[in-house]
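A closer look at the structure
Single-letter residue listing:
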Amino acid sequence: MLVVAIVYGPVSSWRLGRSLGVDPICQRGKICSFDCIYCSLGPTTAKSVERRIFVTEDQVARALRRAIKRVNADVVTFSGTGEPTLAQNLGALIETAREISGLPVAVLTNSSLKSRKDVREDLVKADVVKGKLDVFNDQLLRMINRPHQSLSFQKIVEGLKKFRAGFRGKFQLEVMFVPENMGFSREIAEIVRSVGPDEVQINTPLRPSPTRPLTPQELERVQKDFEGMNLRSVYLAAKPRVGMTVGKGKMRRLKRSD
Ligand code: SF4
């Protein structure tokens, strides 16, 4: 049952500008293939790798038509109460969002399902895809991202590389640094280099989170291992001003009203 707003924002995003959010999952809890220790949404209520339809193209079209008349945005971004690639109709939703808004479309994903052809076929329809890779082996994956039991580090990296090879849009890869993985920045940087994203985003949880963020000095230290790559760092990136917003309750729930 749909219990929360589909469209929210625009959010002032350090990676995308004025980002109008679309939640293709729309649950009161969180449905995700991961249960990251730093997740600002709280514990995953349903850990799943099963794709299904949560919201229809019609519902997204109606919500976006209403929102787009009221706000100024640079991009429409799929992100919300869980992992967007769990939406089986994500490809159709991306096309609907572009048609209604006339804006580029981005998807924020945890990268866990990119080994699946149907997921890659949906994601290539986006203009920007932001993936995630916080670890360099299975042990750290289980400690930090606490994935669904069917997922492995090798499968995730293979999926990232296959996606990279077939995607013509802008591919950003985020590394979220917390105290648990900051000592492995060199190993993580090597894997990131082998994937070859267009941009690497060095992040640490600045929204309310169960885990402490790294300090600017700590983040600067880990960032040195990524030298030579096209980098953007959360402490240094500019955030745009946004005016009128919609879906304020949803923004509070997602901790994106900052
Ligand atoms: S992948 Fe994102 S939504 Fe899922 S648990 Fe991790 S931080 Fe939360």
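In the block above lies the structure referred to throughout.
Below, the structure is looked at part by part. All figures in this text were calculated on a predicted structure; none of them were measured in a lab. (Residues numbered from 1 in each chain as written. Predicted model: local features only at pLDDT ≥ 70, side-chain atom pairs only at ≥ 80, totals over all residues. Heavy atoms only, no water.)

**Thoughts on the overall build of the protein**
Check the secondary structure of the protein and you find 8 helices and 10 strands. In terms of overall dimensions, the protein is globule-like: its C-alpha atoms have a radius of gyration of 17 Å, near the 18 Å expected for 258 residues. In terms of its C-alpha atoms, the protein occupies a principal-axis envelope of roughly 45 × 35 × 35 Å. Burial analysis of the protein (258 residues in total) assigns 56% to the buried set. In the protein, of all internal contacts separated by at least 6 residues, the share reaching a separation of at least 24 is 75%. Total accessible area on the protein stands at roughly 11300 Å², and carbon and sulfur atoms take up 49% of it. Of note, the protein has its 43 positive side-chain charges centred 5 Å away from the centre of its 27 negative side-chain charges. (Helix = DSSP H or I, 4+ residues; strand = E, 2+ residues; numbered from the N terminus. Rg over C-alpha atoms; globule rule 2.2 N^0.38 Å. Buried < 20%, exposed > 50% of the residue type's maximum accessible area, 1.4 Å probe, protein only. Contact = heavy atoms within 4.5 Å. Areas by Shrake-Rupley, 256 points an atom, 1.4 Å probe, with all protein chains shown as cover. Lys, Arg positive; Asp, Glu negative; His and termini not counted. Charge placed at Lys NZ, Arg CZ, Asp CG, Glu CD.)

**Some words on the pairing of strand S2 (residues 17-22)**
In terms of burial, S2 is a largely internal element, 5 of the 6 residues being buried. Pairing between strand S1 (residues 7-13) and S2: 5 bridges, direction antiparallel. Of the residues in S2, the one forming a bridge with Val7 is Val22. Hairpin connection of S1 to S2: 3 residues between the antiparallel strands. The sheet contact formed by S2 and strand S5 (residues 75-78) spans 4 bridges and is parallel. Within S5, the position partnered with Gly21 by the bridge is Thr77. (Pairing = 2+ DSSP bridges.)

**A look at the layout of surface pockets**
A volume near 890 Å³ is recorded for the largest pocket. Contributions of two or more residues to the lining of the largest pocket are made by S1, S2, strand S7 (128-132) and strand S8 (170-176). Within the lining of the largest pocket, the residues separate by chemical class into 17 nonpolar, 14 polar and 11 charged. One number sums up the size of the second largest pocket: a volume of about 200 Å³. Along the walls of the second largest pocket sit 13 residues, with Ala5, Ile6, Val7, Ala63 and Arg66 positioned nearest its centre. (1 Å grid on protein atoms, 1.4 Å probe; cavity = no way out; pocket = protein on both sides within 12 Å on 5 of 7 lines; lining within 4 Å. Points joined across faces, edges and corners; volume = space filled by probe spheres on them. Nonpolar A, V, L, I, M, F, W, Y, C, P; charged D, E, K, R; others polar.)

**Re helix H2 (residues 90-101)**
Its 12 residues place the ends of H2 16 Å apart at the C-alpha level, agreeing with the 16 Å of an ideal helix rising 1.5 Å per residue. Every buried residue of H2 is listed here: Leu90, Gly91, Leu93, Ile94, Thr96, Ala97 and Ser101. Buried residues along H2 sit against helix H1 (57-68), S5, strand S6 (105-108) and helix H3 (117-123). Positioned one or two residues after H2, Gly102 has a phi angle of 70°, which is positive. (Expected span 1.5 Å × (residues − 1).)

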